[in-house]
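For reference, the chains in residue letters:
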Amino acid sequence: MWLKPEEILLKNAFKLWVTEKDNEYFVLQRRRGYGDGGGGLTGLLVGTLDTVLDSTSRVAPYRILHHTPDSQVYWSIACGVTKEEIGQHWEWLQQNIMRTLSVFDSTEDITSFVQGKIRGLIAEEGKSSMVLEEDPDKFRESLLRFEKWFELPAQEKLVTYYSCSYWKGKVPCQGWLYLSTNFLCFYSYLLGAEVKLIISWDEIWRLEKTSNVILTESIHVLAHGEDHYFSMLLHLNETFVIMEQLASYSIKRLFDKEAFQGEPALSDPLQVTKRGLEAHAKSEQFRSFFRLPKEENLLEVHESFLWVPFSHFNTLGKICLSENYLCFASQDGSQCHIIIPMREVVNVEKPDPSSRALTVCVRGKRALRFSEVRDYQRLANTLRSRCGISASPQHSASSEVIRLQDVTLMVGQKNTSKAVSTEALMTVFHPQDVENLDPKMLKEKMKEQSWNIHFSEYGRGTSMFFTRKTRDLIVRGVPESLRGELWMLFSGAVNEMATNPGYYTELVEQSLGTSTLATDEIERDLHRSLPEHPAFQSDTGISALRRVLTAYAYRNPKIGYCQAMNILTSVLLLYAKEEEAFWLLVAVCERMLPDYFNRRIIGALVDQAVFEDLIRENLPQLVEHMTDLSFFSSVSLSWFLTLFISVLPIESAVNVVDCFFYDGIKAIVQLGLAVLDYNMEALIACSDDAEAVTILNRFFDSVTNKDSPLPPTVQQASASNNDKASHVSVDVSELIREAYEKYGHFRSEEVESSRRRNKLYVIQTLEDTTKQNVIRVVSQEVRFTASQLDELYNLFKRQHFLSCYWTMRSPALLHHDPSLAYLEQYQLGFQQFSELFSLLEPWGFCAAKSTLSLWVFRLIDENQDGLINFKEFCCALDTLYGGSFTNKLKFLFKLHLPPGQQLLYFSVFIWLHFSCPTTGRGKVDLQAYLKQWQNEILKKEETIKDLPRINQAQFIQFSKTLYNIFHGDPEEETLYRAVAHVTSLLLRMEEVGRRLQEPSNASSSNNSQEGATEQSDEDWSFSFEQVLASLLNEPTIVSFFERHVHIHAKLGQARISLCGRTKLRRW
């Protein structure tokens, strides 16, 4: 490898290097302790020194130096791992450089020429992703060590590396941590003791920062049930962020089969860089804090002061700039923050050089003054440029608050009202009586007045200041008339709706009349959504709910429709207009509660794990009494999925939703802690889980909202009179206030960090459960033991991941469908199947492996999609390992049938296609179709008489396959003779049968000799019964196929081979 020329003093390195070759201008040296005569104490000491000091010599013990005769200065220009590699560099210098150097008169010119040539060679080699690294030369050296030490495939992309200590037991090993796209690697060499560790990111269960008495700060990694600790990191936080991002990247690609959308730097696993991962982490945090759309990325950060008019002083914070938003947050983020959409900016005034300040003018005659901005001039130019691009008439607003036009959009809907509602259902079914002066309405008016004062002081709409006072008002309760507007603002849905005008209307039109599984489920659940509320006892509410849910299912087919979405959407429609409710649902499902509403509800399970951690920290008395906290996870699942709407009366639940839209999942978690705290004594005294559930249900029934202005016809009946008498009522505002006072101390950032930490564990737990389910299903159809199936599943899954590690275009990824059952989640294409099958097949198959693998793949790929699932794979192996002689022979016989005849067994599909039941509207009745299909399959059982005959060429190939199977067996010669005897016998029988038919065939085939030949070829065939009967007469062949083959040894060999393929070794 060519190196950037660096000056060295040869005198200091004399004892560590031995000269192998030299000439007038170059010296080739070998590191002492390597190569011929190496080893011993010198080798140990030198190797240890090289590892600790991160010397390239540890993996490249050969080097070439440049010097001139009249100079004592040497320049390192190349290094090599082997003598052959450094020899090639030496020869290149002799042939391309030495002759040229003789024309120079000055030694300085010679050195400059050599250095220029070497830099040119390095520049040519560096035209790859390494140019993105901060220090390409240093990175090239580290990449050399990474490739030499771990011997991973050439496609594996090294992302970054760090010096650290790895704790092996109680002894630290000083070495180097290498983080690549798919693996976490560590290497250490101390006094002859070599330590290597390679862990793939998809195997990690936990990744967290820890500290204890011995290790003040370290990174803990749990994989394969083993704990690994890395400490003495100079940049521990940076290292941990990169590790988190790589683990998340692996989960997205390998488990969710997705990529980081909209980020080219992370779309290809071969191009991932440290810079790209850091930018992604910062953008994630930026979007989460300011509730911005997923398309926004953090582009610039500037430290500055912002003049806060309501406090009359400058507050220190950071300006965060994305493609379409200018955001500011005070230093701790809690004092105040503000979000300014570029579409709202009308002018950026000329900067003031004296105070390095600039003023941003927004609609509504408001201005924001930022001062002490280091790059104020460039920031001002950037804002002007972006505002000029972003501003458009359709995004303009005549007032501070973005409000939808009250226009009824006519859109057809089946059997429902044909108008998209432009009013919140609560205003339609419960309009406020202005003249009503009862105490509740007076208190409602006071709330409205408090908010109006807040708006006048802090602004209203998209450019409003968010402060502690805002949260205080939220905790006290939001007025009914402002609820929809504030939900849109706090969730960020107002921005998505403003930048996508007409989008919802188009979705409603496009989804009109569609019939999918999601729409069927929506229709089933429509009348179960707040059935006691008058709005959903009418066609108006039901139609609006149908339109919103169907439009969202059409927008996001990955989620489609999930139970609990109907309950949440019903509440949104009560206080927001129909289009607003749609965008609120988008915000909840795609940003605020990620991965909640899908088949595995991973997001909800992750937040359950976060909730359990906080219970342990904040409610130790409850933990002492109930050591198994999984009970709280099962009980609280509905709290998280429906934001307490399913357990609290609607008039109380909306107060919880207020807090959720302002503080996110943190509000739900801290309210859950407050509920458990309030019922602490009762829960500790209960004797079983059923009693604990009853206690919590009675508590929720007793929660009221004493300030709710809703009439009794709208409010839910909380509990019976007897329950109310026996249980003291709790006001929801007091409960929320107590939750904020007791458990509001942890920040949203801490919750997000806990989410990331627990997601790995939840994913791996689900994967483990999936494996058990798959094994349980497959075990009913094969003879393998549970432990053998477990090992087979691990190998199958590992082989699947190997096909996904270095590409996003593998068949398993391109054809992945997350809606499929767990049995189909991991599949192999032909190449991956062939490699794994060759490791596990019970016989040698000699040189015909690839051909035979193709035949096996073609045979067991029943649906002809080019992919094999675990069940199909195991059934094939089960036949070869545990099947009877007849079944094994039948399997081999079917391999040699042409594809067209193999598909004969699936002709039932064609019959069903033309005779499947239909409904009155001409659509296929899927349930009757599946039932008829199942009955037909159950009726038809394959027998040996159903197998088609094989012709002469196929029979010859069948015989060759038998020869290949017997190759290497101790009784090989006897088996060969038996096959030859059977082949000869069958051919003679067929010849005799053909001659007996010749008299009748001759009279009908005199006209054409060619026709006679074709006819004889057609007749030249064998049935499976003939082949079976002939082979049964050969005891040697029968005993060979009935001989028990142990799969255990094959599994061990396959495991070693797969580990060797990726070098997943641990020392």
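Remember, predicted model here, so these are calculated numbers, not experimental data.

A. Looking closely at the nonpolar core. The biggest cluster of nonpolar side chains holds 155 residues, and the ones touching the most others in it are Phe370, Phe490, Met565, Phe597, Trp639, Phe661 and Leu676. With ten residues, the single largest contributor to this core is helix H19 (residues 578-592). Beyond its immediate sequence surroundings of up to four residues, Phe661 is in contact with Arg291, Trp487, Phe490, Ser491, Leu572, Leu584, Val588 and Met592. Among the nonpolar cores identified, the runner-up in size contains 126 residues, and Trp149, Ile219, Ile775 and Ile950 belong to it.

B. Layout of the sheet that holds strand E9 (residues 193-200). The strand order E9-E8-E7-E6-E12-E11-E10 describes an open sheet built from seven strands, whose pairing is antiparallel. Taken across any chain shown, the strands that pair with only one partner, and hence form the sheet edges, are E9 and strand E10 (204-210). If you compare each strand with its neighbour and ignore which way they point, the axes differ by 30° on average. The sheet contact formed by strand E7 (residues 171-180) and strand E8 (residues 183-190) spans four bridges and is antiparallel. For Leu179, the partnering residue across the bridge sits in E8 and is Leu184. Docked against the sheet, helix H6 (residues 236-255) engages strand E6 (158-168), E7, E8, E10 and strand E11 (218-223), running at close to 160° with respect to E10.

C. Geometry of the packing of helix H13 (residues 483-491) against H19. With their axes 10 Å apart at the nearest point, H13 and H19 run at an angle of 35° to one another. Two packed elements cross with a definite hand, and for H13 against H19 that hand is left-handed. The segment H13 lies against H19, with Trp487, Met488 and Ser491 engaging Glu580, Leu584, Ala587, Arg591 and Met592.

D. Inspection of the pairing of E7 at higher detail. Extensive coverage of E7 is indicated by the burial of seven of its ten residues. The pairing of E6 with E7 spans ten bridges and is antiparallel. For Leu158, the partnering residue across the bridge sits in E7 and is Ser180. Two successive antiparallel strands, E6 and E7, enclose a turn made up of two residues, where Gly169 displays a positive phi of approximately 75°.

E. Looking closely at the environment of Glu372. Relative to the helices and strands, Glu372 is located in the loop between strand E19 (366-371) and helix H9 (376-390). When the C-alpha positions of Glu372 and Ala357 are compared, they lie 5.9 Å apart, and in sequence the two are 15 residues distant. The residues contacting Glu372, other than those within four sequence positions of it, are Glu303, Ser304, Phe305, Ser355 and Arg356. Within the structure, Glu372 has its side chain in polar contact with the side chain of Arg356 (distance 2.9 Å).

F. Main features of the pairing of strand E18 (residues 358-362). Counting buried positions along E18 yields five of five residues, so the element is predominantly enclosed. Neither face of E18 is left uncovered, since the one carrying Leu358, Val360 and Val362 and the one carrying Thr359 and Cys361 both have all their residues buried. Two elements, strand E17 (residues 345-348) and E18, share three bridges in a ladder whose sense is antiparallel. Residue Val345 lies in a different strand from E18, and its bridge partner there is Val362. Note: E18 against E19, five bridges, orientation antiparallel. Note on E19: the bridge partner recorded for Val360 is Leu368. Hairpin connection of E18 to E19: three residues between the antiparallel strands, including Gly364 at a positive phi of 90°.

G. Seen up close, the side chain of Asp677. Mapped onto the fold, Asp677 is located in helix H24 (residues 665-678). For Asp677, a relative accessible area of 18% translates into the label buried. Among residues more than four places away in sequence, those in contact with Asp677 are Leu619, Lys742 and Tyr743.

Each value, and the rule that gives it
- Residues numbered from 1 in each chain as written.
- Predicted model: local features only at pLDDT ≥ 70, side-chain atom pairs only at ≥ 80, totals over all residues.
- Heavy atoms only, no water.
- Core = buried A, V, L, I, M, F, W, Y, C linked by side-chain atoms within 4.5 Å.
- Buried < 20%, exposed > 50% of the residue type's maximum accessible area, 1.4 Å probe, protein only.
- Helix = DSSP H or I, 4+ residues; strand = E, 2+ residues; numbered from the N terminus.
- Contact = heavy atoms within 4.5 Å.
- Pairing = 2+ DSSP bridges.
- Axes fitted to C-alpha atoms, helices over the stretch in contact; angles between N-to-C directions.
- Left-handed = near helix turned anticlockwise from the far one by under 90°.
- Polar contact = N/O pair within 3.5 Å; in protein donor to acceptor, adjacent residues only side chain to side chain.

The quantities given are spatial measurements derived from coordinates; they are silent on function.
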